[in-house]
Amino acid sequence: MDLAIALDHRRAHPGVLDVLQIPAFGKKGRMLAHLQILAAPAAAQDVFEACFNETTTLGLRWQVMERRVLARRHKTVQLEGRNVRVKVAERADTRTAKAESDDLLALRGVHVVREKARREAEAAGLRRADEEEPKDDG
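In this text the structure is predicted, and so the values were computed from the model without any measurement. (Residues numbered from 1 in each chain as written. Predicted model: local features only at pLDDT ≥ 70, side-chain atom pairs only at ≥ 80, totals over all residues. Heavy atoms only, no water.)

**Regarding the overall build of the protein**
In terms of regular secondary structure, the protein is built from 4 helices and 5 strands. Mapped in sequence order, the helices and strands of the protein form the string α-β-β-α-β-β-β-α-α. Over its C-alpha trace the protein gives a radius of gyration of 20 Å, far above what one expects of a compact globule, namely 14 Å for 138 residues. By its C-alpha atoms, the protein is 65 × 45 × 25 Å across when sized along the principal axes. In the protein, which comprises 138 residues, the proportion classed as buried is 22%. Taking all contacts inside the protein whose residues are at least 6 apart in sequence as the whole, residues at least 24 apart take part in 34%. A total of about 10800 Å² of accessible surface is found on the protein, and carbon and sulfur atoms cover 53% of it. (Helix = DSSP H or I, 4+ residues; strand = E, 2+ residues; numbered from the N terminus. Rg over C-alpha atoms; globule rule 2.2 N^0.38 Å. Buried < 20%, exposed > 50% of the residue type's maximum accessible area, 1.4 Å probe, protein only. Contact = heavy atoms within 4.5 Å. Areas by Shrake-Rupley, 256 points an atom, 1.4 Å probe, with all protein chains shown as cover.)

**Concerning the pattern of salt bridges**
Tallied over the entire structure, the rule returns 10 salt bridges. Taking the shortest distance from any N to any O, the salt bridge between Glu 90 and Arg 95 comes out at 2.9 Å. The class for Arg 95 is buried, based on a relative accessible area of 18%. With its nearest N and O atoms 2.9 Å apart, the salt bridge here joins Lys 116 to Glu 120. Taken together, the residues Lys 116 and Glu 120, both in helix H4 (residues 111-132) and 4 residues apart, mark about one turn of the helix. For Lys 116, a relative accessible area of 45% gives the class partly exposed. Accessibility expressed as a relative area gives 31% for Glu 120, which makes it partly exposed. Each of Arg 73, Glu 90, Arg 95 and Asp 130 takes part in one network of salt bridges that share partners. (Salt bridge = Lys/Arg side-chain N within 4 Å of Asp/Glu carboxyl O.)

**Structural notes on the environment of Gln 78**
As for its placement among the helices and strands, Gln 78 is situated in strand E3 (residues 72-79). Along the backbone, Gln 78 and Lys 98 are 20 residues apart, and their C-alpha atoms lie at a distance of 15 Å.

**Structural notes on the nonpolar core**
Within the largest apolar cluster, 13 residues are counted, with the highest numbers of intra-cluster contacts made by Val 77, Leu 79, Val 84, Val 86, Leu 104 and Ala 121. Residue assignment for this core shows that the elements contributing at least two residues are E3, strand E4 (82-90), strand E5 (95-99) and H4. The element that contributes the greatest number of residues to this core is H4, accounting for 4 residues. Aside from chain neighbours lying at most four places away, what touches Leu 104 is Leu 79, Val 84, Ala 99, Arg 114, Ala 117 and Arg 118. (Core = buried A, V, L, I, M, F, W, Y, C linked by side-chain atoms within 4.5 Å.)

Set out below in structure tokens:
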């Protein structure tokens, strides 16, 4: 329980991009939780201090890695009377969209209902991005 709370706190930090917890076996076959925290380099010191303060760990390993991200825009579309945020990514020869899963959680129904809503929100996000694209008058 304490680890779950500590990880939620890390996820809430603005410099943390993702937190991953993996069950693993340590020395002498002991069960342990292997944690990976992906954070902006500027947030590293805060993350280190929080890990030492909120967990029982005695040491941390870290590495600095490079990261590449696609250009993206954030759109909000209406779906069944709700706002759904959609990320529209610019790829080499196309655009793709991804609905924010938190915005789909409130939808009632089985997986098929949520999946249909996700597809509709993503299609609407792409349409909005196309409508806002500047026209080439040349």
